[in-house]
Amino acid sequence: MKSFARTGKRNYYGGNWASFSFSGILSWLKEYQENSDIVNESPTWQEQILENEEAIALSRKDKTIQHVEVFCYASQDLHEDVEEAGALQKNHASVISGNPTEAAHSAYQPSEDESLCTVSCEMPTEQTPSSDQETALEINDGEVTGENEKHYDDKTRVKSASEEETSENVPTAEDTALQPKKNRITYSQIIKEGRRFNIDLVSKLLYSRGLLIDLLIKSNVSRYAEFKNITRILAFREGRVEQVPCSRADVFNSKQLTMVEKRMLMKFLTFCMEYEKHPDEYKAYEEITFSEYLKTQKLTPNLQYFVLHSIAMTSETASNTVDGLKATKNFLHCLGRYGNTPFLFPLYGQGELPQCFCRMCAVFGGIYCLRHSVQCLVVDKESRKCKAIIDQFGQRIISKHFLVEDSYFSENTCSHVQYRQISRSVLITDRSVLKTDSDQQISILTVPGEEPGTFAVRVIELCPSTMTCMKGTYLVHLTCTTSKTAREDLEPVVQKLFTPYTETEIENEEVEKPRLLWALYFNMRDSSDVSRNSYNDLPSNVYVCSGPDCGLGNDNAVKQAERLFQLICPNEDFCPPPPNPEDIIIDGDSLQSETSEFSVIPEANSETPKESTSLGNPEETSQ
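Just so it is clear, the model here is predicted, and its values are computed rather than measured. (Residues numbered from 1 in each chain as written. Predicted model: local features only at pLDDT ≥ 70, side-chain atom pairs only at ≥ 80, totals over all residues. Heavy atoms only, no water.)

## Looking at the overall build of the protein chain
Part 1: Helix and strand counts for the protein chain stand at 14 helices and 27 strands.
Part 2: For the protein chain, the proportion of its 623 residues judged to be buried stands at 52%.
Part 3: For the protein chain, restricting intrachain contacts to residue pairs at least 6 apart in sequence, the fraction spanning at least 24 positions comes to 74%. (Helix = DSSP H or I, 4+ residues; strand = E, 2+ residues; numbered from the N terminus. Buried < 20%, exposed > 50% of the residue type's maximum accessible area, 1.4 Å probe, protein only. Contact = heavy atoms within 4.5 Å.)

## Observations regarding the packing of aromatic side chains
When we look at a pair of aromatic rings, we describe it by the centre distance and by the angle of the planes.
Part 1: Within this structure, the stated rule accounts for 17 aromatic pairs.
Part 2: Their ring planes at 70° and their centres at 5.8 Å tell us that Tyr 13 and Tyr 368 sit as a pair that is edge-to-face. Linking Tyr 13 in the loop between strand S1 (5-7) and strand S2 (19-20) with Tyr 368 in strand S15 (residues 367-369), this pair joins segments that are 355 residues apart in sequence.
Part 3: Considering the side-chain rings of Phe 22 and Tyr 187, the 6.0 Å spacing of their centres and the 75° angle between planes classify their relative orientation as edge-to-face. Of this pair, Phe 22 sits in helix H1 (residues 22-36) while Tyr 187 sits in helix H5 (residues 187-192), and the two are 165 residues apart along the sequence. Here Phe 22 matches Tyr 187 in class, with each residue buried.
Part 4: Through a chain of ring-to-ring contacts, three or more aromatic side chains come together here, namely Tyr 12, Phe 20, Trp 28 and Phe 522.
Part 5: One Lys or Arg, Arg 237, reaches over the ring of Tyr 305 and ends 5.1 Å from the middle of that ring. (Phe/Tyr/Trp six-rings, centres within 6.5 Å; stacked < 30°, edge-to-face > 60°. Lys NZ or Arg CZ within 6 Å of the ring centre and 35° of its normal.)

## Structural notes on unusual backbone geometry
Part 1: Its identity is not glycine, yet Met 313 carries a phi of approximately 55°, on the positive side.
Part 2: On the secondary structure map, Met 313 appears in the loop between helix H10 (301-311) and helix H11 (321-334).
Part 3: Overall, the relative accessible area of 22% leaves Met 313 in the partly exposed class.
Part 4: At Asn 571, a residue that is not glycine, the phi angle is positive and equals roughly 70°.
Part 5: Its location among the elements puts Asn 571 in the loop between helix H14 (555-568) and strand S27 (613-615).

## Concerning H11
Part 1: Look at H11: 20 Å from first C-alpha to last across 14 residues, which is about the 20 Å you get at 1.5 Å a residue.
Part 2: Remark: Gly 336 follows H11 within two positions and exhibits a positive phi of approximately 85°. (Expected span 1.5 Å × (residues − 1).)

## Things to note about the packing of helix H8 (residues 259-273) against H11
Part 1: Their axes nearest at 8 Å, the elements H8 and H11 cross at an angle of 95°. Relative to H11, the element H8 is oriented roughly perpendicular. Between H8, through Leu 269, Phe 271, Cys 272 and Met 273, and H11, the contact on the second element is made entirely by Leu 325, Thr 328, Lys 329, Leu 332 and His 333.
Part 2: Along the lines of polarity and charge, the residues of the contact of H8 with H11 split into six nonpolar, two polar and one charged. (Axes fitted to C-alpha atoms, helices over the stretch in contact; angles between N-to-C directions. Parallel < 35°, antiparallel > 145°, perpendicular 65-115°, else oblique. Nonpolar A, V, L, I, M, F, W, Y, C, P; charged D, E, K, R; others polar.)

## Some remarks on the nonpolar core
Grouped burial of nonpolar side chains is what soluble globular proteins tend to show.
Part 1: Residues Phe 22, Ile 25, Trp 28, Phe 268 and Leu 520 are the most contacted members of the largest nonpolar core, which totals 101 residues.
Part 2: Formed jointly, this core draws a minimum of three residues from each of two domains, domain 1 (4-36 + 43-63 + 348-418 + 529-568) and domain 2 (247-334).
Part 3: Setting aside anything within four residues of it in sequence, one finds Trp 28 in contact with Tyr 12, Phe 20, Ile 65, Leu 201, Leu 520 and Phe 522.
Part 4: In this structure, Ile 56, Leu 377, Cys 386 and Tyr 408 belong to the second largest nonpolar core, which totals 18 residues. (Core = buried A, V, L, I, M, F, W, Y, C linked by side-chain atoms within 4.5 Å. Domains from an automatic or database assignment.)

## Quick notes on the sheet that holds strand S17 (residues 386-391)
Part 1: Judged by pairing direction, the sheet is antiparallel, and its four strands sit side by side in the order S3-S16-S17-S18 without closing on themselves. The open sheet has two edge strands with one neighbour each: strand S3 (53-57) and strand S18 (396-398). Between one strand axis and the next, the sheet turns by 30° as a mean value, whatever way the strands run.
Part 2: In the sheet, strand S16 (residues 374-380) pairs with S17 via five bridges, with the strands oriented antiparallel. Bridge assignment links Cys 376 to a residue of S17, and that residue is Ile 390. (Pairing = 2+ DSSP bridges.)

## Topic: the state of the cysteines
Part 1: In total, this model carries zero disulfides according to the counting rule given.
Part 2: The closest cysteine sulfur to the non-disulfide-bonded Cys 361 is located on Cys 358, 7.1 Å from its own sulfur.
Part 3: Not part of a disulfide, Cys 575 finds its nearest cysteine sulfur in Cys 361, a span of 9.6 Å. (Disulfide = S-S within 2.5 Å.)

## Description of the packing of H8 against H10
Part 1: Orientation of H8 relative to H10, taken along the N-to-C sense of each, is 40°, at an axis distance of 10 Å. Between H8 and H10, the interaxial angle falls into the category oblique. Pair H8 / H10 crosses with right-handed handedness. Residues Glu 261, Met 264, Leu 265, Phe 268 and Leu 269 of H8 form the contact with H10, whose participating residues are Asn 302, Leu 303, Val 307 and Ile 311.
Part 2: Residues that form the contact of H8 with H10 fall into these classes: seven nonpolar, one polar and one charged. (Left-handed = near helix turned anticlockwise from the far one by under 90°.)

## Notes on the pattern of salt bridges
Part 1: This structure, assessed with the given rule, holds 19 salt bridges.
Part 2: Residue Arg 525 is joined to Asp 406 by a salt bridge in which the shortest nitrogen-to-oxygen separation is 2.7 Å. One end of the pair, Arg 525, is in strand S25 (residues 515-526); the other, Asp 406, is in the loop between strand S19 (402-405) and strand S20 (420-429), and 119 residues separate them in sequence.
Part 3: In this structure Asp 406 comes out as buried when scored by relative accessible area, which is 1%.
Part 4: What emerges from the salt-bridge pattern is a single network uniting Glu 53, Lys 387 and Arg 396. (Salt bridge = Lys/Arg side-chain N within 4 Å of Asp/Glu carboxyl O.)

## Points about the confidence of the model for the protein chain
Part 1: Across the protein chain, pLDDT averages 77, with 73% of residues at or above 70.
Part 2: Across residues 88-181 the pLDDT falls below 50, and counting only partners more than four positions away or on other chains, this stretch makes 230 contacts in the model.
Part 3: Under a pLDDT of 50 for its full length, residues 589-623 has, in the predicted model, 66 contacts with residues more than four places off or in other chains. (pLDDT = per-residue confidence, 0-100.)

## Details of the pairing of strand S26 (residues 542-545)
Part 1: Here S26 shows no split at all, with Val 542 and Val 544 on one side and Tyr 543 and Cys 545 on the other all buried.
Part 2: With four bridges joining them, S19 and S26 adopt parallel strand pairing. Its bridge partner being in S26, Phe 402 is matched across the sheet by Val 542.

## As for the environment of Phe 522
Part 1: By the secondary structure assignment, Phe 522 is in strand S25.
Part 2: Taking relative accessible area as the criterion, Phe 522 reaches 0% and is therefore assigned buried.
Part 3: Distance from Phe 522 to Val 70, taken between C-alpha atoms, is 8.8 Å for residues 452 residues apart in sequence.
Part 4: Apart from the residues lying within four places of it in its own chain, the contact partners of Phe 522 are Trp 28, Ile 65, Gln 66, His 67, Val 68, Leu 201, Ile 422, Ser 423, Arg 424 and Ala 486.

See below:
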């Protein structure tokens, strides 16, 4: 059995995969500002390097985040005594006047209706509220009767460990008092309800038959998480948002499609499910784009748009026919496993998933050291292998293998690396982009790029039942591959879908678009496609892992984790199911004899469209 220890300079788990409360994201912004002001000092660890050793210095600055800009549109009636509910200490905010066109790390004075500002917060970074709670996961399609039916219909049903947790978003007298006018949400209220927000730095969903779902079930890590179904697939056409029918039932119940279109769409989707069996149908079109291929299939422009942007979710120019058919098949293959859409979302945000794996690791002796930075790697000159690291205290830590995130390497090490960038935006709004009878919809929308060279923007809208935002608001994530800065890439889409919150519109109940209360823009480094050979002079026992990629799913991260695991532990099973608690023997020498008795969690029958995966409570909390 190998021992594992992880050190990191951050004071939260997950790096760029993390999730924060509202005060936590303000602290993260402050950390970004302070990181920009770091001055490289002469290293003291050089004195500890021996004659037969050399050092690879690591970077003190995190350069994975750039072009941070924050807009606050909600009423700026912030009082000095306003603090986050349940906070450990008073929340102090500082605002400095400046030019509204500059980056947000220079905080700004808010104006009456619209302000560009970074609010520096001295609160300790808050992780998701569920971090220290035991939960039981049950993913199924059980129907809910009674008055709650409208909130949980067509959703993954999730059971919590306590009723108090599931009723967090039930309105109380205090909630009512916080809203003196209908639809009026102030910045003070967002601050006070900050613990109800869980804001992800990276926006992704889980394909219901994707590698991450399979890994969560196999390893039993899913016992630490809860999930909800994405309830709607949306499209943006001719200036309006509409729902896309994707399942068989949705297609035949749709009022948007004619009967002829319904037959055409079902025939094409049936072909996509088994397109490999009919190579003659697409071989002649392999070299053209998927968009051009759809035009040859006698589909109406309406159907072509739905298939390209809302089912395959591919680009008009970048994806060829085979890529589009694969993406369409993957989408259809994931339908019906847990609901009417292919996607799941973890309660409390994507940032829960790294913490779930941390918990499982900690149960079996893994050690995590936050706020414990590493100064350099120590390399033996003769063997050219890394033998130790030197931490911020000058302590030398010895190991056989070293796994380093790309962001820790210095400019000298990365001088030949070419990075891509991800444009990200996080919005707080007052209602959904497509209003329906239920206010608990979780939606995904793709807005295609209008100009040549621009990329499609992926929009994921989360409702309060996902435990990512306060009651009466929605949390919206926008993501695309970077062309310019995040604001330049994403603001045109924001303007199409939302309108800035202004006091003059408060009394108007018929506002055409949802009101925008708060917005964050930033660019994030995408190192997912960087070859290891691009880094300068890395020892063979130093392994590089990347940050998040721009894709919707998590398959790239799972494949990378498994590949690195096999390099360090060849011929070992990747994330095997843990033993039953009653089978664990404390004697370390006896653990190997128990491997054959590990309980494998059977996957539910995939033949039925409505299947369930149930995992019980963990026997003990690991953190």
